[in-house]
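Structural overview for review
Take a look at the letters that make up each chain.
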Amino acid sequence: PYTNRLVTVDVTAIENPVLDRHPAVHRIQGDVFATDTLARVLRALEGRAVDLMFLDIVHGYHQTKRALGLYANRLQPALVVLDDVNLNGGMRLLWRELRAAHPSVDASALVARLDAGFGVMQPHLPMRLDEGEPWRAALWGVRRAVSARTPYPVKRGVVALLDALPSSLRKRLDPS
């Protein structure tokens, strides 16, 4: 009897028995950029209109822009909410671009997130956003994914390669 639907996507499996039992909630585990994840989201929505799309992803310009474009272009949400719009230079730049193109509100003060930021946008429909260049998002995703768990020689190699790029090129690849 539920006509509403909540579809979530997360790269990690987070246990939540309450959500798992609710028939209106469809939790999808996967990479937001993978075509099979997007296909699973579309199947879970079963053709329903999307009232609200909330995006909280890796907080970089290219990754966020690409995810927003991939999903907003296909789902045509009535409202888009972005987390961490003031967190770093890349997110501030993306938020400025979005605000210039679409009616929007910086709702950071409403949710006590002034430093990180919280933006609400009403896209023009049909929405056609630049989906970015996958290689840029992938390149900086690798750079950010290098962690303490990464074997040292791999970590050193990836960091050295990316850090060897001229700073002007690094800024063009990722303004954050």
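Shown above is the structure to which this text applies.
A brief look at the structure comes next. Sequence order as written defines the numbering, with residues in each chain counted from 1. Owing to the predicted nature of the model, reporting of local features is limited to residues with pLDDT of at least 70; listing and counting of side-chain atom pairs is limited to 80 or more, with chain, interface and lining totals taken over all residues. No hydrogens and no water enter the side-chain calculation; it runs on all heavy atoms of the structure.

**Observations regarding the layout of surface pockets**
Approximately 220 Å³ is the volume found for the second largest pocket. Lining the second largest pocket are 13 residues, and of these Thr 8, Asp 10, Thr 12, Ile 14 and Arg 27 sit closest to its centre. Runs of H or I in DSSP of at least four residues are treated as helices and runs of E of at least two as strands, each being numbered from the N terminus. Counting only elements with at least two residues in the lining of the second largest pocket, the list comes to strand 1 (6-10), helix 1 (17-21) and strand 2 (25-29). Charged means Asp, Glu, Lys or Arg here, nonpolar means Ala, Val, Leu, Ile, Met, Phe, Trp, Tyr, Cys or Pro, and polar covers whatever is left, Gly included. Among the residues forming the lining of the second largest pocket, the class breakdown is 5 nonpolar, 4 polar and 4 charged. Definitions used for this entry: grid spacing 1 Å over protein atoms alone; cavity, a set of points where a 1.4 Å probe fits but cannot get out; pocket, an open set with protein on both sides within 12 Å along at least 5 of 7 lines; lining residue, one with an atom within 4 Å of a point. Grid points are joined across faces, edges and corners, and a volume is the space filled by probe spheres set on the points.

**Comments concerning the side chain of Asp 83**
Along the chain, Asp 83 turns up in strand 4 (residues 79-83). Buried means the residue's accessible area, taken with a 1.4 Å probe over protein chains only, is under 20% of the maximum for its type, while exposed means over 50%, and partly exposed covers the values in between. With relative accessibility at 8%, the residue Asp 83 sits in the buried group. Ignoring anything within four residues of it in the chain, the contact list for Asp 83 reads Phe 54, Leu 55, Asp 56, His 59, Met 91, Arg 113, Gly 117 and Phe 118. Every residue pair with non-hydrogen atoms within 4.5 Å of one another is taken to be in contact.

**Looking at helix 2 (residues 35-45)**
Residues spaced three or four apart along an α-helix point in a common direction, a consequence of the helix completing one turn every 3.6 residues. Within the span of helix 2, buried status applies to Thr 37, Leu 38, Val 41, Ala 44 and Leu 45. Projection of helix 2 onto a plane perpendicular to its axis shows the buried side chains occupying an angular sector of 125 degrees, all on one side. Along helix 2, exposed side chains directed more than 90 degrees from the buried face belong to Thr 35 and Arg 43. Of the surrounding elements, those touching the buried residues of helix 2 are strand 1, strand 2 and helix 3 (61-75). Taken from the residues just after helix 2, Glu 46 is the one with a positive phi, measuring 50 degrees. For this quantity, the arc is that covered by the directions from the helix axis to the C-beta atoms.

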